[in-house]
Amino acid sequence: MVSHSYSHGLTPMDLSKITGSPFALGGVFLLLALTFIGPYSNYLLLLSSQILPMQTSSVFFAAKPAFLATPIRVKSQYKQNTLSDTKIMATPKWAQKTVVLPAQKRGCHLVTPKIVKEIEQDLSGFKCGLAHFFLQHTSASLTINENYDIDVRHDTETFLNRIVPEGPSAPWKHTMEGPDDMPAHIKSSMFGCTLTVPITDRRLNMGTWQGIWLCEHRDYATPRKVVVTLNGI
């Protein structure tokens, strides 16, 4: 008979006696093998759990491999706001003002300077936010377009007059205020009566060549009111 010596002082039979069954002994060897076969450890643990009786579970806890016994520490990236942090955070605020634009002749008009001048003081209180413009009329409109070449405004008016017919031959029924009445309502809906512009560093953050237009669609206009609402921090 060939005898083997074991450096740990326990023979396979000794381990068998300690664990109580040959099946448990097989589980011990599987656990020892896990130390060297890391990538396949999950599969081997699943296999051992199928062949070992429930009473051998204590063997797994008593003979954990080194890589399982070492706790893994995970550093949380979440930081709960403290009272001092809350005080530092800016509180959102609101401002609102109605800007009255003087009566304009029929056509498209650049009104950015007028509006900015009227809201300049309120605008200075906002580092970041939004400016909302609401025109309180149904026969004019607001839009953002070219702020440099006046020909763009003239061409836009030409386009509107060609696409929306006007005069005795037009099919409109609503003409109680003149032949330009119904066409003005249609043009108003085409461009709309609201705009939203971002606020950055106390100014309206529009593009270099962008400007706010008031498009007047009536032949005999009246002053137009624009409600400006500012929101931000």
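Cut-off values and rules
- Residues numbered from 1 in each chain as written.
- Predicted model: local features only at pLDDT ≥ 70, side-chain atom pairs only at ≥ 80, totals over all residues.
- Heavy atoms only, no water.
- pLDDT = per-residue confidence, 0-100.
- Contact = heavy atoms within 4.5 Å.
- Helix = DSSP H or I, 4+ residues; strand = E, 2+ residues; numbered from the N terminus.
- Buried < 20%, exposed > 50% of the residue type's maximum accessible area, 1.4 Å probe, protein only.
- Arc of directions from axis to C-beta.
- Pairing = 2+ DSSP bridges.
- Axes fitted to C-alpha atoms, helices over the stretch in contact; angles between N-to-C directions.

Q: How would you sum up the confidence of the model for the chain? Please name residues and give values.
A: Put simply, the chain has an average pLDDT of 80, and 62% of its residues get 70 or more. Counting contacts from residues 51–62, a segment whose pLDDT is below 50, to residues more than four positions away or on other chains yields 15 contacts.

Q: So, unusual backbone geometry: which residues are in play, and what are the values?
A: Look at Asp 201: it is not a glycine, yet its phi comes out positive at around 55°. Examined against the element boundaries, Asp 201 turns out to sit in the loop between strand 5 (194–200) and strand 6 (203–204). We classify Asp 201 as partly exposed; its relative accessible area is 42%. Positive phi, normally seen in glycine, also occurs at Arg 202, with a value near 70°. Checked against the element boundaries, Arg 202 lands in the loop between strand 5 and strand 6.

Q: Now, about the environment of Leu 195: what can you tell me, with residues and values included?
A: Here Leu 195 lies in strand 5. Classification of Leu 195 by relative accessible area gives buried; the value is 11%. Once the C-alpha coordinates of Leu 195 and Leu 142 are considered, the two residues, 53 residues apart in sequence, prove to be 7.0 Å apart. Leave out the neighbours within four places in its chain, and Leu 195 touches Ala 131, His 132, Phe 133, Leu 142, Thr 143, Ile 144 and Ile 212.

Q: Break down helix 9 (residues 181–191) for me, citing the residues and quoting the values.
A: If you check which residues of helix 9 are buried, you get Asp 181, Pro 183, Ala 184, Lys 187 and Ser 188. The arc enclosing the buried residues of helix 9, seen along the axis, measures out at 160°, which places them on a common side.

Q: So what's going on with the sheet that holds strand 7 (residues 210–216)? Residues and values would help.
A: The strand order across the open sheet formed by three strands is 2-7-4, and the pairing between neighbours is antiparallel. Edge positions in the open sheet fall to strand 2 (107–110) and strand 4 (140–146), since each of these has one partner strand only. Between one strand axis and the next, the sheet turns through 35° on average, direction left out of account. Bridge count between strand 2 and strand 7: four bridges; the pairing is antiparallel. Looking across to strand 7, one finds that Cys 108 is bridged to Cys 215. Its contacts with the sheet put helix 8 (residues 150–163) on strand 2, strand 4 and strand 7, and the angle it makes with strand 2 is roughly 150°.

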